[in-house]
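Tertiary structure, described
Each chain, written out:
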Amino acid sequence: MPAESGQSVAGVLLGAGRVSWRTTRSGGRPRGIFCGIGVCYDCLVVVNGIPDVRACQRLVEDGDEIRTQYGAELPS
């Protein structure tokens, strides 16, 4: 997806119309941005194989591979 310099992962996803991009460990409930300041952990994604990255805090970099996180995951 195209992104502007300095844009967060959450900003890119929200701009593309995505409101949820992870599921909870228990129950698989959808989660996305909630607090927007890195406190709540609802916006976790996997970036370049590293899980538990807060989408609201991580700035997008050229070539990033970002994917949905399904519950708890270990680094790949």
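Look up: the structure comes first, before these words.
Presented here is an overview of the structure given in this document. (Residues numbered from 1 in each chain as written. Predicted model: local features only at pLDDT ≥ 70, side-chain atom pairs only at ≥ 80, totals over all residues. Heavy atoms only, no water.)

Looking at the element boundaries, Ser-8 is found in the segment before α1 (9–15). A residue is classified by how much of its surface remains accessible, and Ser-8, at 17% relative accessible area, is buried. For Ser-8 and Ala-55, which are 47 residues apart along the polypeptide, the C-alpha to C-alpha distance reads 6.6 Å. (Helix = DSSP H or I, 4+ residues; strand = E, 2+ residues; numbered from the N terminus. Buried < 20%, exposed > 50% of the residue type's maximum accessible area, 1.4 Å probe, protein only.)

This part takes up the pattern of salt bridges. Enumeration over the complete set of coordinates arrives at 4 salt bridges. The partner of Arg-67 in a salt bridge is Glu-73, and the shortest N-O contact between them spans 2.8 Å. Using a relative accessible area of 38% as the deciding quantity, one classes Arg-67 as partly exposed. Salt bridges sharing partners connect three or more residues here, namely Arg-22, Arg-31 and Asp-42. (Salt bridge = Lys/Arg side-chain N within 4 Å of Asp/Glu carboxyl O.)

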